[in-house]
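Fold and contact review
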Amino acid sequence: MVAITATNSTTPSVQSSLGRARVEQARREADQAEATARDLRAQADDAQRQSDRSQDNLRQVTARVRQEEMTYQPRRDSATSEVPLKVQQLIERLYSATTTARTLSGNPLKTDVNAAPVVNVQGQSTGRIVNISA
């Protein structure tokens, strides 16, 4: 019986071979899981960096828009008008004085063919207003 025991102890049993195979498989799976985790961490880091860049870009654009709004926004002072009150009243009186002439002719445009051309503030001729209704 001693000889059989010595022979059995030197050859690995099927159970120990299966145990070693399972341990090796578990190590390979653990290595694979660690590699996958490293890849996922790298992807998460890239996504975080991209998100940070996007947030910085958003802040810059927002600041630029706010600056432009402050620069180009018209005054909101409703108490004062750009046209003085006396000028507004004069325009109102002129309009009401000419309203009847405009309604009688049926056309608010000039009908004089020999009318002088319209000149802008820089002295340039901009053309004539012509009645094209017939």
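Up top is the structure these notes are about.
Residues numbered from 1 in each chain as written. Predicted model: local features only at pLDDT ≥ 70, side-chain atom pairs only at ≥ 80, totals over all residues. Heavy atoms only, no water.

**Considering the overall build of the protein**
- Looking only at helices and strands, the protein has 3 helices and 2 strands in total.
- For the protein, the succession of helices and strands along the chain, N to C, is α-α-α-β-β.
- Counting the 134 residues in the protein, one finds 1% classified as buried.
- Carbon together with sulfur atoms contributes 56% to the accessible area of the protein, which is approximately 12,400 Å² in total. (Helix = DSSP H or I, 4+ residues; strand = E, 2+ residues; numbered from the N terminus. Buried < 20%, exposed > 50% of the residue type's maximum accessible area, 1.4 Å probe, protein only. Areas by Shrake-Rupley, 256 points an atom, 1.4 Å probe, with all protein chains shown as cover.)

**Details of a nonpolar patch on the surface**
- Among the surface-exposed residues, Val83, Val87 and Ile91 lie close enough to one another that they form a single nonpolar patch of about 220 Å² accessible area.
- Position of isoleucine 91 relative to the elements: it lies in helix 3 (residues 85-105). (Patch = residues over 30% accessible without salt bridge, like charges linked within 9 Å, V, L, I, M, F, W, Y side chains within 5 Å. Salt bridge = Lys/Arg side-chain N within 4 Å of Asp/Glu carboxyl O.)

**Notes on the pattern of salt bridges**
- Taken as a whole and judged by the stated rule, the model has 3 salt bridges.
- Measuring nitrogen to oxygen at the nearest pair gives 2.2 Å for the salt bridge that ties aspartate 46 to arginine 49. Of the two residues, aspartate 46 and arginine 49 are both situated in helix 2 (residues 14-72); the distance of 3 residues between them amounts to about one turn of the helix.
- For aspartate 46, a relative accessible area of 43% puts it in the partly exposed group.
- Overall, arginine 49 belongs to the partly exposed group, its relative accessible area being 43%.
- Between aspartate 56 and arginine 59 there is a salt bridge, with its nearest N and O atoms 2.7 Å apart. Here the residue aspartate 56 and the residue arginine 59 both occupy positions in helix 2, the gap between them amounting to 3 residues, near one helical turn.

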